[in-house]
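Structural overview
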Amino acid sequence: MQAKITLITGGGIAAYKCLDLVRRGRERGMSFVCVLTAGGAEFVTPLSLAALSERKVFQDLFSLTDEAEMGHIRLSREADLLVVAPATADLMAKMAHGHADDLASTVLLATDKPVLIAPAMNPMMWRHAATQRNVQRLRDDGIAFVGPEAGDMACGEIGSGRMAEPAHILDAIEARLRGAGARGTGPLAGRRALVTSGPTHEPLDPVRYLANRSSGRQGHALARALQEAGAEVTLISGPVSLPRSE
């Protein structure tokens, strides 16, 4: 049986990654019903998501045809897992405070299914005290996180705030569907783990650096095993050629 995913796409440049997420997720045997926020539609089109998911894309809370069938309730209850990617600071704030002023936030408030979110925002927005308060409240409510990752941002800044790559999100989806770490289950539930993986490059001067030949395979495998055991894992990786799923 196919795993049923309701994918909620927020308004951020990382929304383009959701197209690859749907495509690769279907290769792994998942089916997707997509909910596109007004902000998300500024970055990806409903037609693109519909073509890749082969399902209708939902956008309007007050759609006469969809809501005649209690659309937002159906979207929140018929999935095995709800995934929010990208989860913007605004959408996370709505979730933390129980707002329901559009289709996405209403679906999230009405669901009785596990929720996984992939944050994506400017590094300073991610570090802001208000965002971190919302993150903690969401964690306390049982919401699972994947990312954000560190790196270069579309805005030109560098830091934590990049949405996790599709392969990493799909690994987290599969872990949630297996029950590892979902809703506080698993032997390491409630624990946080930090794993470093791959080679390090220590500069000697603008041209030379010291390095090692680590492939990153062991560190990536440890991170995956910790996540499958229920831990909340942060993976810090040096330059490797491994996909996140390895």
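Residues numbered from 1 in each chain as written. Predicted model: local features only at pLDDT ≥ 70, side-chain atom pairs only at ≥ 80, totals over all residues. Heavy atoms only, no water.

1. Describing the overall build of the chain
For the chain, the helix and strand inventory stands at 10 helices and 12 strands. Counting every position in the chain, which comprises 246 residues, the buried fraction comes to 47%. Across the chain, the fraction of contacts at a sequence separation of at least 24, relative to all contacts at a separation of at least 6, is 71%. If you sum the accessible surface of the chain, you get close to 12600 Å²; carbon and sulfur atoms cover 53% of it. (Helix = DSSP H or I, 4+ residues; strand = E, 2+ residues; numbered from the N terminus. Buried < 20%, exposed > 50% of the residue type's maximum accessible area, 1.4 Å probe, protein only. Contact = heavy atoms within 4.5 Å. Areas by Shrake-Rupley, 256 points an atom, 1.4 Å probe, with all protein chains shown as cover.)

2. A look at the packing of aromatic side chains
Here the structure, examined in full by the defined rule, presents 0 aromatic pairs. Just above the ring of phenylalanine 145 sits the side chain of arginine 139; from NZ or CZ to the centre is 4.4 Å. (Phe/Tyr/Trp six-rings, centres within 6.5 Å; stacked < 30°, edge-to-face > 60°. Lys NZ or Arg CZ within 6 Å of the ring centre and 35° of its normal.)

3. Overview of the nonpolar core
Counting 29 residues, the largest nonpolar core has Leu7, Val83, Ala85, Ile169 and Ile173 as its most contacted members. Listed by contribution, the elements that provide at least two residues to this core are β1 (3-9), α1 (17-27), β2 (30-36), β4 (81-87), β5 (115-119) and α9 (166-178). Not counting the four nearest positions on each side in its chain, valine 83 is found in contact with Ile5, Thr6, Leu7, Ile8, Leu116, Ile169 and Ile173. Core analysis: the second largest hydrophobic core is formed by 27 residues, Ile8, Val107, Leu108 and Leu138 among them. (Core = buried A, V, L, I, M, F, W, Y, C linked by side-chain atoms within 4.5 Å.)

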